[in-house]
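# Structural features, examined
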Amino acid sequence: MKQKHLVIFSAFFLLIAFVAGAMLYSSQKSDKALEAYRRDKSTFIRENVPTFGNPAAKVDIVEFLDPACGTCKEFYPLVKKLLAAHPDKIRLYVRYAAFHPGSDQVIKILEAAHRQGKFKETLEAVFAAQEAWAPQHRPQPELVWNYIGGVGLDIRKLRHDMALPEVEKTVSQGLADAKTLNVKATPEFFVNGKPLPSFGYDQLKTLVEEAVAAAY
Amino acid sequence: MNSSTREQDSNWMLLFACWMIASVSVLGSLFFSEVMGFQPCVLCWYQRICMYPLVLILPAGMFPFDRNIVRYALPLSLIGTLIALFHLLLVAGYIPESIKPCVQGIPCSEVQIEWFGFVTIPLLSGVSFLVITVLLILTHRRASK
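What you see is a predicted model; the values in this text were computed from it and never measured.

### Description of the overall build of chain B
Looking only at helices and strands, one finds four helices and zero strands in chain B. A burial count over chain B gives 42% of its 145 residues as buried. Put simply, of all contacts in chain B between residues at least 6 apart along the chain, 76% involve residues at least 24 apart. Carbon and sulfur atoms form 67% of the exposed surface of chain B, whose accessible area is close to 8000 Å².

Set out below in structure tokens:
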């Protein structure tokens, strides 16, 4: 009987230790990100990154996304809804984390489109056709060209811009910043520097609403 | 009678120690992958396949104490030890590039953590498997006397 108690007690103790450790880890991670954000935003927000919303907004959302990531596609309309729910109070910054092989090509298309002022339209076209060009998480970037015809891009200029070193650099810069900020999966959000406590739309919404309430 | 009960109790404690090591290893591996977000490589998955069942199999031989449990648990811990050893050699670079089983995705040779300059995840795994194996053999030898 004593042996049974020992096993049950140990199992219980180990589980508690696991949960406590997980909570401690996530709160430390959050504190560290927040501290880094307060010290220097440049890892979060690089120059000329695509943005949505009011430039004077007091709440910044930094989103790391991969154009081939299905969850990023699912979150896109939800994030837009969040922005619409608090007009002029939120600014969204889009960063890239090319976690899928082949995503880098699509990111270059997006970044070159950004130079033509057509980032939003191109991103929407890329997401809308995601299943067609990235089936089962295997991006075939050459297929993307078939789906961005309706955006009204200057394709010759786009191809030229894609080869620019600054455009190429956004891919590696995004990956480097993702590594620094401990981004291991996409989409990852930072609301005024705070990461999500756990992944989910409700968590994002709560974080945004708290930030809006604190800033306005 | 009394001394044989005591002996059985100490053998039971050996099994319990194996179970504790296996449980800590399982929770630790889940902490690395689910909390810290490290993606397990292919070799890590093979080691998990050997470690996770021990947490469930060992208690079956602890209530009531059954020395035959060693026959069921030892193959898992032995194979786990071998895979961990292979993994360690791979990380250390003793096994050449061409034999690496994972080319795409997460390379098994990538070092995710390095505590005190030498403690890596495959080392933790290898030590766990090795200790479990030794304790299981010890249990079997003592119990079959």
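Let us keep going from here.
### A short note on the packing of helix α3 (residues 103-114) of chain A against helix α6 (residues 155-162) of chain A
Residue and element names in this part refer to chain A. Between α3 and α6, whose axes approach to 9 Å, the crossing angle comes to 120°. Between α3 and α6, the angle falls in the class oblique. The two elements α3 and α6 cross, and the hand of that crossing is right-handed. Mapping the contact onto sequence places Gln105, Lys108, Ile109, Ala112 and Ala113 in α3 and Leu158, Asp161 and Met162 in α6.

### What about the domain arrangement of chain A?
All names here are of chain A. By the assigned domains, chain A splits into domain 1 (2-39) and domain 2 (42-215). The distance between the C-alpha centroids of domain 1 and domain 2 comes to 32 Å. The interface of domain 1 with domain 2 comprises eight residues on the first partner and 10 residues on the second. For the pairing of domain 1 and domain 2, the buried interface totals around 760 Å² over both sides, and the portion due to carbon and sulfur atoms is 63%.

### Concerning the nonpolar core
Counting residues in each nonpolar core, the largest one holds 47 residues, and the members touching the most others are A:Ile61, A:Trp133, A:Ile148, A:Val191, A:Leu204 and A:Val208. Looking at this core, the elements that each hand over two or more residues are β2 (59-65), α2 (70-85), β3 (90-96), α3, α4 (119-128), α6, β4 (188-191) and α8 (201-215) of chain A. Within the second largest apolar cluster, 30 residues are counted, among which are B:Leu14, B:Phe16, B:Cys41 and B:Cys50.

### Things to note about the environment of A:Ile61
Residue and element names in this part refer to chain A. Within the secondary structure, Ile61 sits in strand β2. Taking the relative accessible area as the measure of exposure, Ile61 reaches 0% and is therefore buried. Along the chain, Ile61 and Val208 lie 147 residues apart, while their C-alpha atoms are 8.1 Å from each other. Look past the residues within four positions of Ile61 in its chain and what remains in contact with it is Leu83, Ile90, Arg91, Leu92, Tyr93, Phe189, Phe190, Val191 and Val208.

### Description of α2(A)
Side chains of residues three or four places apart in an α-helix project in the same direction, reflecting 3.6 residues per turn. Residues and elements named next belong to chain A. With 16 residues, α2 should cover 22 Å at 1.5 Å per step; its first-to-last C-alpha distance of 24 Å lies within 8% of that length. Those residues of α2 not exposed but buried are Cys72, Phe75, Tyr76, Val79, Leu82 and Leu83. Buried residues in α2 make contact with β1 (51-53), β2, β3, α4, β4 and α8.

### Quick word on the pairing of β2(A)
Residue and element names in this part refer to chain A. For β2, the buried fraction is high: seven of the seven residues fall into the buried class. Burial along β2 is two-sided: the residues Val59, Ile61, Glu63 and Leu65 and Asp60, Val62 and Phe64 are all buried. Tracing the backbone out of β2, into α2 and back to the parallel element β3 gives a crossover that is right-handed. As paired elements, β2 and β4 share four bridges and run antiparallel to each other. Directly across from Glu63, in β4, lies its bridge partner Phe189.

### Here's the deal with the sheet that holds β2(A)
All names here are of chain A. Here we have five strands laid out as an open sheet, ordered β1-β3-β2-β4-β5, and mixed in their pairing. This sheet does not close on itself; its edge strands, each paired only once, are β1 and β5 (194-195). Against the sheet, helix α7 (residues 165-180) contacts β2 and β3, and its axis sits at roughly 105° relative to β3.

### Thoughts on the pairing of β4(A)
Residues and elements named next belong to chain A. Because side chains alternate across β4, one face comprises the buried residues Glu188 and Phe190, and the other comprises Phe189 and Val191, equally buried. Of the strand pairs in this sheet, β4 and β5 are connected by two bridges, and their pairing is antiparallel. When the sheet's bridge partners are listed, Phe190 is paired in β5 with Pro195. Where β4 folds back onto β5 in an antiparallel hairpin, the turn is made up of two residues, including Asn192, whose phi is positive at roughly 45°.

### A few points about the interface of chain B and chain A
The interface of chain B with chain A comprises 18 residues on the first partner and 14 residues on the second. Applying the counting criterion to the chain B and chain A interface returns two residue pairs in polar contact (both at pLDDT 80 or more). Considered class by class, the residues forming the side of chain B that touches chain A number 14 nonpolar, three polar and one charged.

### Details of unusual backbone geometry
Residue A:Pro187 is bonded to the preceding A:Thr186 through a cis peptide linkage, with omega at -10°. Inspection of the secondary structure assignment puts A:Pro187 in the loop between α7 and β4. Backbone torsion omega between B:Phe63 and B:Pro64 reads -5°, so that peptide bond is classified as cis. Residues other than glycine seldom take positive phi values, yet A:Asn48 does so here, at roughly 60°. Within the secondary structure layout, A:Asn48 lies in the loop between α1 (2-39) and β1. Even without being a glycine, A:Asn182 presents a positive backbone phi close to 65°. For A:Asn182, a relative accessible area of 23% gives the class partly exposed.

Calculation rules
- Residues numbered from 1 in each chain as written.
- Chains lettered and ligands numbered in written order.
- Predicted model: local features only at pLDDT ≥ 70, side-chain atom pairs only at ≥ 80, totals over all residues.
- Heavy atoms only, no water.
- Helix = DSSP H or I, 4+ residues; strand = E, 2+ residues; numbered from the N terminus.
- Buried < 20%, exposed > 50% of the residue type's maximum accessible area, 1.4 Å probe, protein only.
- Contact = heavy atoms within 4.5 Å.
- Areas by Shrake-Rupley, 256 points an atom, 1.4 Å probe, with all protein chains shown as cover.
- Axes fitted to C-alpha atoms, helices over the stretch in contact; angles between N-to-C directions.
- Parallel < 35°, antiparallel > 145°, perpendicular 65-115°, else oblique.
- Left-handed = near helix turned anticlockwise from the far one by under 90°.
- Domains from an automatic or database assignment.
- Buried area = accessible area lost by both parts, 1.4 Å probe.
- Core = buried A, V, L, I, M, F, W, Y, C linked by side-chain atoms within 4.5 Å.
- Expected span 1.5 Å × (residues − 1).
- Right-handed = clockwise from strand over helix to strand, strands pointing away.
- Pairing = 2+ DSSP bridges.
- Polar contact = N/O pair within 3.5 Å; in protein donor to acceptor, adjacent residues only side chain to side chain.
- Nonpolar A, V, L, I, M, F, W, Y, C, P; charged D, E, K, R; others polar.

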